[in-house]
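The residues making up each chain are set out below.
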Amino acid sequence: MVCAKFLHFSFIPFLNRNKMGRGKVELKRIENPTSRQVTFSKRRNGLLKKAFELSILCDAEVALLVFSPSGKAYHFASSDLDSTIARYRSEVGLSGSSYQFCRPLEFWRNKIQELQKTIDTMEEKLKHFAGEGISMLCMKELRQLERQLKIGVERIRSKKKRIAAEQINLLKRKQRVLQEENICLQKRVKLHELHDGSVSSGIPESNACNVFHERVLYHGALA
């Protein structure tokens, strides 16, 4: 695996040759953003090309990772990148649990800015749904907002209908249960009345039961 330390020392003779041929070259951060980006693109492509040539010419297992200032990743691997990194970690005695890719600070700053923009956009849309901040919207945006609101209202009404239907069905089931309980209670009351009447008039209990059943059948036929 090509390490940053190895690359640093391998470039020292090259820099010395440049110093002898072209004079002193000072390595420092390029302040101009455009020039810095152009230089990064050229040097990155050259580095990836050298890594590819090294793997072909010398039959070496090469893995190269490059992160741009904005956090974008570029890599080259002559074989599987994960297996090469695992092999390197095994060679230097690093445990797998501590294996992490460290992102530069600039990457996380850009990520925070993107998330903040997303939050601002969502908050603005919520205001539009409430009818606020729509004075700057064009006709196309207003029509789109109106269409979204109509779809939302239709979904809400559909949900309300489903809930109302479920509640009605539940009340009907409770009504049937109460009616059945009421019928049972009425039968028990009539049975007690017949039983009390048979005792007071001296009618045998079996005859009272027969009379009760006959009355129940009679009322059931009339119903």
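Treat the numbers as computed from the prediction; the structure is a model and nothing was measured. Position numbers for residues count from 1 along each chain, tracking the sequence in the order it is written. Note on the predicted model: pLDDT of at least 70 is required for a residue's local features to be given, and 80 or more for side-chain atom pairs to be given and counted; whole-chain, interface and lining totals, by contrast, use all residues. Only hydrogens and water are removed before side-chain values are computed, so all heavy atoms of the structure are retained for them.

Enquirer: Would you mind showing me how to read the overall build of the chain here?
Expert: When you go through the chain residue by residue, the secondary structure sums to 7 helices and 2 strands. Strands here mean DSSP runs of E at least two residues long; helices mean DSSP runs of H or I at least four residues long; both are numbered from the N terminus. Helices (α) and strands (β) of the chain occur, in sequence order from the N terminus, as α-α-α-β-β-α-α-α-α. Contacts between residues were defined by any pair of non-hydrogen atoms, one from each residue, lying within 4.5 Å. Contacts in the chain between residues far apart in sequence, at least 24 positions, make up 35% of those at least 6 positions apart. Here the Shrake-Rupley method, with its probe set to 1.4 Å, supplies the accessible areas, and only the displayed protein chains count as covering residues. When the accessible surface of the chain is totalled, it reaches about 18,900 Å², and 58% of it is carbon and sulfur.

Enquirer: In this structure, what is going on with helix 4 (residues 81-92)? I would like to understand it.
Expert: Residues spaced three or four apart along an α-helix point in a common direction, a consequence of the helix completing one turn every 3.6 residues. Given the number of residues in a helix, its expected span is that number minus one, multiplied by 1.5 Å. Given a rise of 1.5 Å per residue, 12 residues ought to cover 16 Å, and the 17 Å separating the end C-alpha atoms of helix 4 matches this to within 8%. Contacts from the buried residues of helix 4 go to strand 1 (63-67) and strand 2 (73-77). A 3.5 Å cut-off defines polar contacts: any pair of N or O atoms within that distance qualifies, except that in protein one atom must be a possible hydrogen donor and the other a possible acceptor, and neighbouring residues in sequence count only when both atoms are side-chain atoms. Here helix 4 starts with a cap whose side-chain oxygen sits 3.4 Å from the backbone nitrogen of D82, and that cap is D80. A positive phi of about 80° marks G93, the residue just after helix 4.

Enquirer: Which parts of the structure should I look at to understand the side chain of H128?
Expert: With respect to the helices, strands and loops of the structure, H128 is situated in helix 5 (residues 105-129). Here G133 takes part through its backbone oxygen, which lies 3.2 Å from a polar atom of the side chain of H128.

Enquirer: Any chance you could explain the packing of aromatic side chains here in plain terms?
Expert: The description of an aromatic ring pair uses the distance of the two centres, along with the angle that the planes make with each other. Ring pairs shown here join Phe, Tyr and Trp side chains whose ring centres sit within 6.5 Å, with only the six-membered ring taken for Trp; geometry is labelled stacked below 30 degrees between planes, edge-to-face above 60, and tilted in between. Counted under the stated rule, the structure contains 2 aromatic pairs. Measuring from centroid to centroid gives 6.1 Å for F52 and F76, while their planes differ by 85°, and the two rings are edge-to-face. Linking F52 in helix 3 (residues 33-57) with F76 in strand 2, this pair joins segments that are 24 residues apart in sequence. A simple rule labels every residue: compare its accessible area, found with a 1.4 Å probe on the protein chains alone, to the largest value its type can have, and call it buried under 20%, exposed over 50%, or partly exposed in between. By relative accessible area, which is 44% here, F52 ends up partly exposed. Above the ring of Y74, the side-chain terminus of R44 is found at 4.2 Å from the ring centroid. Think of it as a cone above the ring: NZ of Lys or CZ of Arg counts as a charge over the ring if it is within 6 Å of the ring centre and within 35 degrees of the ring normal.

Enquirer: Teacher, can you tell me more about helix 3 here?
Expert: Compared with the 36 Å implied by 1.5 Å per residue over 25 residues, the 36 Å span of helix 3 between its first and last C-alpha is a close match. Taken residue by residue, helix 3 has F40, R44, L48, A51 and S55 as its buried positions. Tucked inside the fold, the buried residues of helix 3 contact strand 1 and strand 2. Its side-chain oxygen 3.0 Å from the backbone nitrogen of T34, N32 forms the N-cap of helix 3.

So yeah, pure geometry; function would need other evidence.
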